[in-house]
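# Structural features, examined
Here is how the chains run, residue by residue.
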Amino acid sequence: MSVNLLEAENLQLWRGDRHVLKGVGFGLGKGECLQVTGTNGAGKTTLLRTLCGLMVPEEGRVLCEGRDIRADLPAFHSSLMYLGHEPPLKADLTARENLHYWIGVRRRLAAAGLDAALARVGAGAWCERLVRTLSAGQKRRVALAGLALMFAPLWLLDEPTTNLDAEGQQVVGALMAEQLARGGAIVVATHQQLPGTVRAARVLELAS
Amino acid sequence: MMADMRWTWFHRLASPPYLYGLATRLTPWFAWPAALLILGGFYAGLALAPPDYQQGEGFRIIYVHVPTAWMSLMVYVTMGVAAGVGLIWRMKVAHAVAASCAPIGASFTVAALVTGSLWGKPMWGTWWVWDPRLTSELILLFLYLGFMGLRAGFDDTQRADRAGALLAIVGLVNVPIIHYSVIWWNSLHQAPSVLRFGKPTIPGAMLAPLLILLLGFTLFFAAVLLVRVRAEILQRERAARWIGEALGT
Amino acid sequence: MSITGLPAGVGSSLDAAPSLAYGAGPAPVLAAARLALSRDLTLAFRKRGQLLQPLAFFALITLLFPLAVSPELSRLRGIAPGVLWVAAMLASLLALEFLFRDDAHDGTLEQYALSGQSLTWLLFAKTVAHWLLTGLPLALMAPFAAMSLGVPASAVPGIVLIMVVGTIALSLIGAIGAALTLGMKRSGALLALLTLPLSLPVLIYGARATELAIAGNSYVAPLQLLAALLVLAVTLAPLAAASAVRISLE
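Residues numbered from 1 in each chain as written. Chains lettered and ligands numbered in written order. Predicted model: local features only at pLDDT ≥ 70, side-chain atom pairs only at ≥ 80, totals over all residues.

## A closer look at the sheet that holds strand E4 (residues 59-64) of chain A
One key point about sheets: their strands pair by backbone hydrogen bonds, in either a parallel or an antiparallel sense. Residues and elements named next belong to chain A. Read across the open sheet, the four strands follow the order E2-E1-E4-E5; overall the sheet is antiparallel. Because the sheet does not close on itself, it has two edges, and the strands there are strand E2 (18-28) and strand E5 (67-68). Bridging between strand E1 (residues 6-15) and E4 involves five bridges; their strand directions are antiparallel. The residue bridging Leu6 from the neighbouring strand is Cys64, located in E4. (Pairing = 2+ DSSP bridges. Helix = DSSP H or I, 4+ residues; strand = E, 2+ residues; numbered from the N terminus.)

Structure, rendered in structure tokens:
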């Protein structure tokens, strides 16, 4: 029985007086996708941030390949990619420059790789424009290019299909399918249906 | 086994109801001795000790100034240590202790500044001088105000706790640096010694009441801290179930 | 366990995908820090206008003193060290608000914290970039302000050197306060309340060194103490700032 890529054990977390995570637990193996659903304010983002290690639960722990992530957070972080609600892009840089800095801090990059990733998400035509001139959907696509470029084994995505048209959603679906096919794992928080052919191995519903 | 027993004590202290109960029980044990020592010390200092040959009766204010100045620093150290414990071991009650310390320490600092000023007036004719001790006390006051201001700026208690704790630790590390720098600065512009807060050589009869008062003020701080910690715990845990039993409702 | 089967098209010129096993290497820390530095510099040059604000503030404060005190250069020379340093500290405070604010707002800081790289190094790089954009220009402008206050030109090299050392220390110390107050609206006064007491030793040694430099005497002793403070700040301040940033992300 192989060890799960990501495992959560009885996560309990309070924000002030609110009991946000009430004993969340799951195991996620290689090639599996976990979908986290729930109404607004149910704690989807909180759960994702706890899985990242940004938030510390009062009880319970998160394990990566059987080891507590807190034992070696930097190594855990270098193997994951977290995309929050807003794409982490600088308005005064071009899409290409954004990727160069954002992913370059984490991995050694080559120009050809950058171009290929941008082409992959359909950004080839406008990748030299400043991000402040791009639409919300285009910004989302640039963030997806970062995802494609990074090759992290674990993806934590918060509403990845926001602002995307049908074509954009197909790109997300393709990227996710490839990630799962090569043995990576995805935790995606969304109350929409997963794009493309991606099917969740399990669904976690958070109640507020 | 012994190590386990020691750590159990430490971890039990982290439980709010346990600390609340402990604080309630311990308060009179600190409060009454504190009252006795302070009253006794004041009597000894104000009535019994002989007047200083240089400063006359005016020197007696050191019986308030020195203990409050000492306490202002000791409370800051306590606050910093509690903050460190809270930050490293994620103990919420430690943050409650640190938060409770701050207003007490700030009050001691203000008292030290006021009494220092009162001490100086008859000696130099001015209400304020920039001597190293008073200047350090003033800077310490700003450190306290910064801590309380930072905490007040966050609605989220957890963020206020942790940010404040980091500030308290940074401040604690800085206190010796600031103190040394102020002494250095003051020594450059050596005012005539009559303007300096010379430590008068304190003969035994004067020293004893001072020590009694130091101990008394320390116990006083402990008692007031315990009362404040109880209030702080009540406020933080107001939604918890054990509160009803503890308050007898 | 490594991840096999890289899709065609995106990958031939990339490094092999890192395995999930602990200890798999991220990009080297210094390269990452250099990228963080160059990103901040690039961004600042695209919004060039903002760079002038702290400088204008510095000049304005310097202008206040002759108007408030006296136009006599001999009197101004006496208070010049104090004026220069107070103006530098206040201008530096003004600039500090921009150190982390944009990054915290658009999620870049969060990505730094999740990058697997040392957040301490990344924030140190950001602080250095910030100093290059605000502190260094202040130090270079100081001679002009000084001479307008009656300081002889012979003192200028000394003043620049002292200011350079001091402003780096101020930026590093200020980064702690800036990180602690992240996310607060209108944190200007609180930032000042937090940063100024911690910066007082820098002020004391810097102003004394400047005073000696203006008088034409040797300023080595206070400069050494200032440099010692700088070393302490370089080693400890980015650590504290990184902790503060992580606290703000919780």
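## A closer look at the interface of chain B and chain C
Between chain B and chain C, the contact holds 21 residues from the first and 18 residues from the second. Those elements giving two or more residues to the side of chain B that touches chain C turn out to be helix H5 (132-152) and helix H6 (157-188) of chain B. By residue number, the principal contributor to the side of chain B that touches chain C is H6(B), which donates 13 residues. Here the residues of the side of chain B that touches chain C sort into 14 nonpolar, five polar and two charged. (Contact = placed C-beta atoms within 7 Å. Nonpolar A, V, L, I, M, F, W, Y, C, P; charged D, E, K, R; others polar.)

## Topic: the sheet that holds strand E9 (residues 202-206) of chain A
Residues and elements named next belong to chain A. Strand order in the open sheet formed by five strands is E6-E7-E8-E3-E9, with parallel pairing between adjacent strands. Each edge of the sheet is formed by a strand with only one pairing partner; in this case those strands are strand E6 (80-83) and E9. For this sheet the average axis-to-axis angle between neighbouring strands, irrespective of direction, equals 15 degrees. Note that E6 and strand E7 (residues 154-158) share four bridges and pair parallel. Following the sheet pairing, Tyr82 is matched in E7 by Leu156. (Axes fitted to C-alpha atoms, helices over the stretch in contact; angles between N-to-C directions.)

## Regarding the confidence of the model for chain B
Residue and element names in this part refer to chain B. Summarising the model, chain B shows a mean pLDDT of 86, and 87% of its residues fall at 70 or more. Between the elements of chain B, mean pLDDT differs from a low of 68, seen in helix H1 (residues 2-13), to a high of 96, seen in H5. Overall, residues 192-196 carries pLDDT values under 50, and its contacts beyond four positions in sequence, including any with other chains, amount to five contacts. (pLDDT = per-residue confidence, 0-100.)

## Some thoughts on helix H3 (residues 73-106) of chain C
Residue and element names in this part refer to chain C. Compared with an ideal rise of 1.5 Å per residue, which puts 34 residues at 50 Å, H3 spans 48 Å between its outermost C-alpha atoms and is within 8% of the ideal. Of all the bends in H3, the largest measures some 55 degrees and sits at Ile79, one to four residues before the proline Pro81. Looking one or two residues beyond H3, the residue adopting positive phi is Gly107, at roughly 90 degrees. (Expected span 1.5 Å × (residues − 1). Bend = angle between axes of the 7 residues up to and from the residue.)

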